[in-house]
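Inside the fold
Spelled out, the chains give:
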Amino acid sequence: MKERVMLYFGSFNPVHKGHIALAEYVLDKGLCERTVLIVSPRSPYKEAGELAPEMDRFEMAEIACAASRHPGKIVPSAVEFLLPKPSYTIDTLRYLEETAGDRMRFSILMGADQIARLDGWKEYERLLEYPIYVYPRQGAATGGYEGRVTLLDSAPLHDFSSTCIRERISRGEDVTQMLEAGVLGYIRRKGLWSPARRIEALSERLAAAPHDVGLLVERGKLHYRTGAWGPALNDFNAVLRLDAGHVEARQYADMVREILEFRYKDIYNP
């Protein structure tokens, strides 16, 4: 008999406990014998500071899969790194059918937000010939393609996402409840999505758009959180020169001045 393999496509940027919980769930329910996390390659439409390098995402997926309740049955794959770009799910499936279809029978695991826009995917009708299992996502309806997909209404639903995790990391906030310890350790060693990396990415964007108030405020707040008072004040002052009524920039500029006056009282009050 062919091994039933469920393919879970995603950027896994980073892979988190919610991803692994879903992979464990479909195995526990007997929907497959193996779950494979297909790590997507770098997209030309993603910001460099947002999407971690391919091999970093793959290595984090390896760490998370090995720490799951079903190591060996939950595994990552870099197959899409080797295929022509851009990567399309149907092309990956064709390749897998050609190389492993004689011993594996494939199904697909996707979120409710993805099924809602499936008709925009390449050859989506061909995709619907495969068993598709749909798990709930916060704020996304689970309807669509009734009778052609299987809804996993009892699948675990987590109230955080990779986007949320990246934002928390960039702000220096705690994410230990969202990530496997080995994945968090990897992120810290590599400095992925750190405030310094985000500041660098924002600076590159501001070089091309120096009057973008939103970018200036975001960079200023990151400088503030990391205690870089001078650069923070420079950014907030730049915002106020562009928009004198910007309330948030005014509040942050005033807070920075208070800090500087307190720490350097002799300079400010000779």
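Residues numbered from 1 in each chain as written. Predicted model: local features only at pLDDT ≥ 70, side-chain atom pairs only at ≥ 80, totals over all residues. Heavy atoms only, no water.

With respect to helix α10 (residues 213-225)
For α10, built from 13 residues, the straight-helix expectation of 18 Å at 1.5 Å per residue is met to within 8% by its first-to-last C-alpha distance of 18 Å. Listing the buried residues of α10 in full gives Leu215, Leu216, Val217, Arg219, Gly220, Lys221, Leu222 and His223. Positive phi appears at Gly227, one or two residues downstream of α10, with a value of about 75 degrees. (Helix = DSSP H or I, 4+ residues; strand = E, 2+ residues; numbered from the N terminus. Expected span 1.5 Å × (residues − 1). Buried < 20%, exposed > 50% of the residue type's maximum accessible area, 1.4 Å probe, protein only.)

What to know about the side chain of Ser162
Locating Ser162 in the fold gives a position in helix α7 (residues 162-170). With residues near it in sequence (within four places) discarded, Ser162 still touches Asn13, Pro14, His16 and His19. (Contact = heavy atoms within 4.5 Å.)

Some remarks on the packing of helix α2 (residues 54-66) against helix α8 (residues 181-190)
Here α2 crosses α8 at 150 degrees, and the two axes come no closer than 8 Å. Judged by the inter-axis angle, α2 sits roughly antiparallel to α8. Considering the relative orientation of α2 and α8, their crossing is right-handed. Of α8, the residues touching α2 (which contributes Met55, Asp56, Glu59, Met60, Ile63 and Ala64) are Gly182, Val183, Tyr186, Ile187 and Lys190. Tallied by class, residues from the contact of α2 with α8 come to seven nonpolar, one polar and three charged. (Axes fitted to C-alpha atoms, helices over the stretch in contact; angles between N-to-C directions. Parallel < 35°, antiparallel > 145°, perpendicular 65-115°, else oblique. Left-handed = near helix turned anticlockwise from the far one by under 90°. Nonpolar A, V, L, I, M, F, W, Y, C, P; charged D, E, K, R; others polar.)

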